[in-house]
Amino acid sequence: MRFLTLTRFVICASVAGIAFAQDPIINDPELDIDTDFGDNVLEFDFPAIQIGIAEYPDGPTGVTVLRFGNATSRAVAVAVDIRGGAPGFLGNYGLVHAITLAGGSLLGLEAASGVVEGIYEERGYNTDWELIPLVSAGVVFDFHQRDDSIYPDKRLGRAAFDNIETNQFPLGARGAGISATVGKLVDFSAGEPAGQGAAFLDEDGVKIFACVILNAVGVIYDRNGDIVLGDLDAESRARSGLGTNLESQIGSGRGNRNNILPSGNTTLTVVVTNQTILGFDLVQQARQVHSSMARAIQPFHTRTDGDVLWFVSTGAVELTDISLTDFGIMASEVVWDAVLAAHP
C-alpha cells in the first residue's frame with residue numbers, strides 16, 4: 001500500500017497486478033466511446049446537478065460525472081468522508097464544481113483532468129482565483145472482470161462532461177459502475193454484477209439526491225434483512241450470508257489473520273442537498289450517512305475496500321423545523337435506496 005499526502009491532495013491505494021498471456025489491450029485514441037444513458041434512468045427534479053457518463057465498451061470501463069451549477073456558478077460546499085483500507089481519491093478542497101467517479105483504480109483519476117479541462121474551456125480559460133475548476137475524484141478497481149488494461153482517461157472524462165444532462169441519472173451497469181461487482185467475501189468468483197444506483201427525495205422543497213458506484217466486497221441487504229445481491233452459489237442459487245461464510249472460511253483454514261479478502265473493492269457515494277449546511281455540520285452529515293450504509297453493505301469499510309462519500313450542499317434553502325440529526329436519517333434512507341438500485 002502506498003500513501004501520499006500533499007496539501008489538499010490525498011492518494012491511498014492498494015493496486016493488484018494482472019498477468020497477460022499476450023500484449024495487453026491498452027488505451028488508444030481511436031477507442032469507441034459510448035455516452036448514451038440508455039433506458040434505465042432515474043428521473044428527478046434537482047436542476048443544480050448535471051450528470052454525464054462516458055464508457056469505453058472495449059474495457060468495459062467508464063466514468064460518471066456530477067457537475068454543480070453552470071459556467072458562471074461558484075463552487076458549492078462539500079465534505080468528504082474516506083474509509084476502508086484502500087481508497088483512491090483526490091481533491092479535498094472543501095468546495096467543488098464537479099465530482100468525477102471512475103473505474104480503472106488509480107489510473108482512473110486521470111479522468112478528472114478531462115472534467116477540469118471542460119470547465120476551464122467553458123470559462124474562457126479564466127484564471128481568476130475563484131474560477132479555477134475544483135474537481136474532486138474517486139475510483140473503483142474494475143480490472144478483475146476483464147482481461148485488458150483500458151482505463152478512464154482524460155479523453156473519457158471530457159466526453160462525460162461534454163454530454164451532461166439535467167435531472168437524469170442512468171442506473172445499473174453504466175458509467176463508472178459498468179464492471180462493478182459485489183459479494184466477494186469468500187471468493188471473487190462468487191461476486192455478482194452490480195453497477196451504479198441513485199435515489200431522490202423532495203420533502204417540502206428540501207431536496208436530497210444520492211448516487212453510488214457499488215463495487216463492494218460485502219453483500220447487499222434490503223430493509224427486511226435479506227441478502228439481495230452477492231454471495232450467490234452458482235449451483236444452488238442460494239445466498240449463504242455472513243455467518244455461513246465465516247464458518248466456511250474458518251473451517252477450511254481460510255479464516256486466519258493472514259488471509260486477505262479479494263482485493264479491488266470500493267463503494268463511492270455522493271449525496272447532494274439544497275439545504276444549507278456548512279463547516280463541521282457538513283462533515284458530521286457525511287460521517288453519519290456513511291456509517292449508516294453498513295446496514296445495507298456487510299461487511300463495509302474492510303481493508304480491501306476504498307469507500308469514499310462526498311456530502312454536497314448547494315445552499316439554496318434554509319431548513320428550520322428539523323434537526324440536523326433527523327436530516328441525516330432522511331439522507332441515510334435515500335442512500336440505502338440508491339444502494340438497492342445499483343444492480344444490472
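Each remark here, short or long, concerns the structure printed above.
This one's a predicted model, so the numbers in the text were calculated from it and none came from an experiment.

Draft legend 1. Molecular detail of the packing of aromatic side chains. A complete count under the given rule lists seven aromatic pairs for this structure. For the ring pair phenylalanine 46 and phenylalanine 200, a centre distance of 6.4 Å and an interplane angle of 50 degrees mean the geometry is tilted. Taken together, the positions of phenylalanine 46 in the loop between strand 3 (41-43) and strand 4 (49-56) and phenylalanine 200 in strand 15 (residues 195-203) put the pair 154 residues apart, joining distant regions of the chain. Among the residues examined, phenylalanine 46 registers a relative accessible area of 2% and is labelled buried. Ring centres of tyrosine 120 and tyrosine 125 lie 5.0 Å apart, and the angle between their planes is 90 degrees; this geometry places the pair in the edge-to-face category.

Draft legend 2. Region of the structure containing helix 2 (residues 154-162). Buried within helix 2 we find Leu156, Gly157, Arg158, Ala159, Ala160 and Phe161. Contacts from the buried residues of helix 2 go to strand 4, strand 5 (61-68) and helix 1 (111-122).

Draft legend 3. The side chain of arginine 123, seen in detail. Considering the arrangement of structural elements, one finds arginine 123 in the loop between helix 1 and strand 10 (135-139). Although buried, arginine 123 forms no salt bridge, and the nearest oppositely charged side chain, glutamate 122, lies 5.2 Å from it. Here serine 73 takes part through its backbone oxygen, which lies 2.8 Å from a polar atom of the side chain of arginine 123. Setting aside residues no more than four positions away along its own chain, arginine 123 makes contact with Asn70, Ala71, Ser73, His97, Glu130 and Leu131.

About the criteria used
- Residues numbered from 1 in each chain as written.
- Predicted model: local features only at pLDDT ≥ 70, side-chain atom pairs only at ≥ 80, totals over all residues.
- Heavy atoms only, no water.
- Phe/Tyr/Trp six-rings, centres within 6.5 Å; stacked < 30°, edge-to-face > 60°.
- Helix = DSSP H or I, 4+ residues; strand = E, 2+ residues; numbered from the N terminus.
- Buried < 20%, exposed > 50% of the residue type's maximum accessible area, 1.4 Å probe, protein only.
- Contact = heavy atoms within 4.5 Å.
- Lys, Arg positive; Asp, Glu negative; His and termini not counted.
- Salt bridge = Lys/Arg side-chain N within 4 Å of Asp/Glu carboxyl O.
- Polar contact = N/O pair within 3.5 Å; in protein donor to acceptor, adjacent residues only side chain to side chain.

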